[in-house]
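Chain residues, written in single-letter form:
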Amino acid sequence: MQKEIPKTFESNKREKEIYSLWKNSGFSNPDTMQKYLEEKEIEVKTSFTITLPPPNANGTPHLGHMCGYAFHDAIGRYKRMTGHPTLLLPGKDHAGIQTESVFTKLLESRGQNKFELGREEFYKQCYEFCLTNMNNAREYEQRIGLSADFSREFFTLDPRLTEIVYSTFYKMFEEGFVYRDKRIINQCPNCHTALADIDTEHEERRGIFAYIVYPFVEESDRKKAKELFGVEGITVATTRPETMLGDTAVAVNPKDKRYSQFVGKKVVLPIANREIPVIAEDTTDMELGTGALKVTPAHSPVDFEIGKKHSLPIVNVINEEGKMMGDIPERFVGMGTTECSKALCKELDDLDLLVKIENIKHEVVICERCKSAIEPIISNQWYLNVESLAKRALEALKRGDVSVVPKGQQKALEYFYENIQPWCISRQLWWGQRIPVWYSGGKKLYDWLLENKGKNVSDFEKEFGTKVFGTGKIFLGEQPPKSESGEVWEQETDVFDTWFSSGQWPYTTLGGSDGDDFKKYYPTQMMIHGRDILFWWTARMLMFGLYRTDQIPYPVVMLTGIILAPDGSKMSKSKGNGVEPSEIFDKYGADALRLWYYIDALPGSNSPIREEKIKGNRNFITKIWNASRFILMNIDESELEAVSKNLKINSERIEITKKHVKKVSEYIEKFQFNLGAEEIREFFWHQVCDVWIEEIKSEIKDQPVGSEKRIDGLAELLCILKENLKIMHPFIPFVTEGVWQELVNLGLASGVLMVEQLF
RNA sequence: GGACAAUUAGCUCAGCUGGUUAGAGCACUACAUUCACAUUGUAGGGGUCAUUGGUUCAAAUCCAAUAUUGUCCACCA
């Protein structure tokens, strides 16, 4: 009997020690790993790289984040154990709008607001806020056992990374992919920024459907209308009465017999008292409402298109904050949209122009982050024309250069590429990478000149009655160019959409195409992330990767399952049904949680977290520990040397073990982690423990200490144990390394299990 | 409105390119055991593999339709 070994694997205590052991070994660094292989004269295979998905730096990691890492780590460890210098490159994401929103709320709770702080101070404080979260996140990553190379960790706002992001922007501008444009955008009145289409959601909400009469200008038309419709005008139906102040036409379907005689006639826009035409537009739905559509090009994407087609004027009546403004009666200026809607309905009713109001449910576009209703407004923004980039990515997908697991999601991605629209990449935020552009004479001038082709600076001065100091040109760079003779350069205030930088993650973190790491470790080998960000992230990474490096950044993207609350609903902070990762770690240990992920959180599945199952896995961890303990305790001190020298590897049991290792390896190679995890569990528990240990136990029971039979039996067991520890290690690294180190203490093994090579 | 996926034991799911009595974990039942095992072992119960057709010597597995559920996409005022 050797020294006492605890009866269970004390995960809380041991996991930290073991992680430090790995950290100190340096083998998470692929360069160190390579040296090790060379020294040991093990064939060095191709490098294996994954740039890990960076968690948002604005909060605490949850079980879903952990899940992806469990998979990354398993494959990474397996690769390391099969001769590949392996780089798991970690990072953290500044998560633009989301972090700005979280931090702004935090400021508000302290009775501050961002404008008081000013841009620079806000940025500084937000950075500090993120630092805390990042340290926290890193702790969790290490707790799940992630064998990442933290010496290479990146933050998406790291200047080294930003430099590459900027160079992409410059290149795209020169090549005409990036441009400024004035069009209708999704404005979030709460976040005070423009959003890309993809950053919005649809939700059914209750609303009103108001029927409003727009009287005809001509007396004769009024008469005809009175006869036909019972009112002296054309009745339109709308869910947003407040936008009527910006109406510039009424559209009817040319096939609609009710209205055909009125096409080309004019109606008076009530309250605003403007005359607007009735136009024929074949996209107008005759069945909906009254079949007559009020057209507000400035505040509805559909109407914007109609307006373009019919060259209608654009009248802005709602500003960036969702307040009424512009060329409207004074009493409405500054009102919120709902307030204005009510006020208008009241006035219309008094004028007898409000036919009725129906209460309806309809789809509303909302902000993905704060769930506020989106305000479509006309605005100047930076756009990225992604059409040709998407085409290239789509071709790569179709050729099979890159594939998505599960397969069904690949089709969704293809569809996304096929229907892609220009991407609005500017955000009116402070938290992010400031778009590196300078405007000579001001941004307003630049936009005005773009809009008014053929006009020049003096036309602008005449129009606005101001003097301009500049040429209306722009300059791309982080610092303004030298001013000549009083020229004033105005810096762009907008920042990039967060996905513009995270979309470049795989090569920016490797130092860009000139980086040493890039040359060694790009393209990467795979990507694993949640289904929810497929279009935001992988879609962009493929496009950027092909654009900047002419290579796909990784050939496989695997989407993890979604972890649900115990009752099967989505975990959410607001519902308070989330499960804290630390709770699970404390109770059952990282290995038990990992096993559960491999088996239950498969691509395409939705798994409610089940403590009983994690507990079952914990029992398996205990089983491994005790089986090992039993073997070790059976080796008498006087037998240690003999056993360690007598590792015979020719027995039926060893042959079966070899086959087992091969089988599990194949599962891992095919990303069938569930089958792999089940296999190691089944084999170790029911083959090694229940059968072999029992057999050998009785074989050596009556043998004297030091006898050949004992030594042979124990040596065989030890050999089986070691090979099993190795193949189990990618899945459950802590307990296997823990046992390994016990072996090391007794002189029965050496080094760290993490870099032991599989059969 | 469109796309995609799922539908297998009480629960969560495996079951790859079709082949004898359909599997795992957890839960459940009985017995054994404190032998390394904050337990474990042995044995067991439980499924007409959503429905209906079709292909086939043979289908949970392939095809079609139907139903239900879920996810995503979508400008219907």
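Residues numbered from 1 in each chain as written. Chains lettered and ligands numbered in written order. Predicted model: local features only at pLDDT ≥ 70, side-chain atom pairs only at ≥ 80, totals over all residues. Heavy atoms only, no water.

A. Quick peek at the overall build of chain A. When helices and strands are tallied, chain A shows 26 helices and 25 strands. Here chain A holds 759 residues, and the buried ones make up 55% of them. For chain A, long-range pairs separated by at least 24 residues make up 78% of all intrachain contacts whose partners lie at least 6 apart in sequence. Per element, the accessible surface of chain A, about 33,100 Å² overall, is 49% carbon and sulfur. (Helix = DSSP H or I, 4+ residues; strand = E, 2+ residues; numbered from the N terminus. Buried < 20%, exposed > 50% of the residue type's maximum accessible area, 1.4 Å probe, protein only. Contact = heavy atoms within 4.5 Å. Areas by Shrake-Rupley, 256 points an atom, 1.4 Å probe, with all protein chains shown as cover.)

B. How the structure looks around unusual backbone geometry. Cis geometry is found at the peptide bond from Y522 to P523, where omega equals -5°. With respect to the element layout, P523 can be found in the loop between α17 (516-521) and β22 (527-530). At F671, a residue that is not glycine, the phi angle is positive and equals roughly 60°. If you trace the backbone, F671 turns up in the loop between α23 (652-669) and α24 (673-700).

C. Molecular detail of the packing of helix α7 (residues 159-174) against helix α18 (residues 534-549). Where α7 contacts α18, the two axes come as close as 12 Å, and the packing angle between them is 75°. Comparing their axes, α18 and α7 come out roughly perpendicular. Between α7, through I164, S167, T168, K171 and M172, and α18, the contact on the second element is made entirely by F544, Y547 and R548. Residue composition of the contact of α7 with α18, grouped by class: four nonpolar, two polar and two charged. (Axes fitted to C-alpha atoms, helices over the stretch in contact; angles between N-to-C directions. Parallel < 35°, antiparallel > 145°, perpendicular 65-115°, else oblique. Nonpolar A, V, L, I, M, F, W, Y, C, P; charged D, E, K, R; others polar.)

D. Highlighting the sheet that holds strand β15 (residues 403-405). An order of β15-β23-β22 is seen for the three strands of this open sheet, with the pairing classed as parallel. The sheet is open, and its two borders are formed by β15 and β22, each paired with just one other strand. Along the sheet, successive strands turn relative to each other by an average axial angle of 25°, direction set aside. Sheet analysis places β22 next to strand β23 (residues 556-560), joined by four bridges and oriented parallel. Opposite I528, over in β23, you have M558 as the bridge partner. (Pairing = 2+ DSSP bridges.)

E. Representation of the side chain of Q504. Here Q504 is to be found in the loop between α15 (498-502) and α16 (505-508). Among the polar contacts listed, one links the side chain of Q504 to the side chain of T168, at a separation of 2.5 Å. At 2.9 Å, the side chain of Q504 forms a polar contact with the backbone oxygen of F500. For Q504, the residues in contact, after removing those within four places along its chain, are I164, V165, T168 and F544. (Polar contact = N/O pair within 3.5 Å; in protein donor to acceptor, adjacent residues only side chain to side chain.)

F. Highlighting the packing of aromatic side chains. Enumeration according to the criterion identifies 45 aromatic pairs in this entry. Relative to F155, the ring of Y127 has its centre 5.5 Å away and its plane inclined at 85°; by these criteria the two rings are edge-to-face. Here the residue Y127 occupies a position in helix α6 (residues 119-143), and F155 occupies one in strand β4 (residues 154-155), the gap between them amounting to 28 residues. Taking the centre distance of 6.0 Å and the plane angle of 25° together, the rings of Y598 and F673 count as stacked. In this pair, Y598 sits in helix α20 (residues 590-600) while F673 sits in helix α24, placing the two residues 75 residues apart along the sequence. By the burial criterion, Y598 is buried, and F673 matches it. Here the basic side chain of K114 rests over the ring of W430, its NZ or CZ set 4.6 Å away from the ring centre. Its guanidinium or amino end placed over the ring of W423, R540 lies 3.8 Å from that ring's centre, counting from NZ or CZ. (Phe/Tyr/Trp six-rings, centres within 6.5 Å; stacked < 30°, edge-to-face > 60°. Lys NZ or Arg CZ within 6 Å of the ring centre and 35° of its normal.)

G. Looking closely at helix α19 (residues 581-588). Residues of α19 that are buried: P581, I584, F585 and Y588. All buried residues of α19 lie within an arc of 105° about the axis, which places them on one face of the element. Against the buried residues of α19 lie α1 (11-25), α3 (63-80), α6, α20 and α21 (611-634). Looking at the residues trailing α19, positive phi occurs at G589, about 90°. (Arc of directions from axis to C-beta.)

H. Representation of the side chain of T243. With respect to the helices, strands and loops of the structure, T243 is situated in the loop between β8 (233-238) and β9 (249-252). Separated by 2.7 Å, the side chains of T243 and K294 make a polar contact. Look past the residues within four positions of T243 in its chain and what remains in contact with it is K294, T296, H299 and I318.

I. Inspection of the pairing of β23 at higher detail. Counting buried residues along β23, five of its five residues qualify, which places the element largely inside the surrounding structure. In β23, alternate side chains face the same way, and those of V556, M558 and T560 on one face and V557 and L559 on the other are all buried. The pairing of β15 with β23 spans three bridges and is classified as parallel. Paired with S403 across the two strands is V556, which belongs to β23.

J. Region of interest: the sheet that holds strand β6 (residues 193-195). Read across the sheet, four strands follow the order β6-β5-β14-β16 without closing on themselves; strand pairing throughout is antiparallel. Strands with a single pairing partner mark the edges of an open sheet, and in this sheet they are β6 and β16 (423-424). Bridge count between strand β5 (residues 178-188) and strand β14 (residues 375-384): 10 bridges; the pairing is antiparallel. Bridging from a neighbouring strand, Q187 pairs with E375 of β14.

K. Spotlight on the protein's contact with RNA strand B. Taken together, the neighbourhood of RNA strand B is formed by 42 residues, with D285, N606, N626, W685 and E694 sitting nearest. At a separation of 3.3 Å, a base nitrogen of RNA strand B approaches a polar side-chain atom of E363. The side chain of K613 places a nitrogen or oxygen atom 3.1 Å from a base oxygen of RNA strand B. Those elements giving two or more residues to the surface near RNA strand B turn out to be β8, β13 (354-367), α12 (407-418), β25 (606-608), α21 and α24. A total of 10 residues in the surface near RNA strand B trace back to one element, the largest contributor, which is α21. When the residues that make up the surface near RNA strand B are grouped by side-chain class, the tally is 13 nonpolar, 13 polar and 16 charged. (Near = heavy atom within 4 Å.)

L. Expanded view of the pairing of β8. Burial analysis of β8 places six of its six residues in the buried class, the great majority of the element. Here strand β7 (residues 200-215) pairs with β8 via six bridges, running antiparallel. Looking at the pairing, Y214 lines up with I234 of β8.

M. Geometry of the pattern of salt bridges. Counted under the stated rule, the structure contains 55 salt bridges. The shortest N-O distance in the salt bridge between K398 and E418 comes to 3.3 Å. With K398 in helix α11 (residues 387-399) and E418 in helix α12, this residue pair connects regions lying 20 residues apart in the sequence. Of the residues examined, K398 reaches a relative accessible area of 54% and is grouped as exposed. In this structure E418 comes out as partly exposed when scored by relative accessible area, which is 45%. (Salt bridge = Lys/Arg side-chain N within 4 Å of Asp/Glu carboxyl O.)

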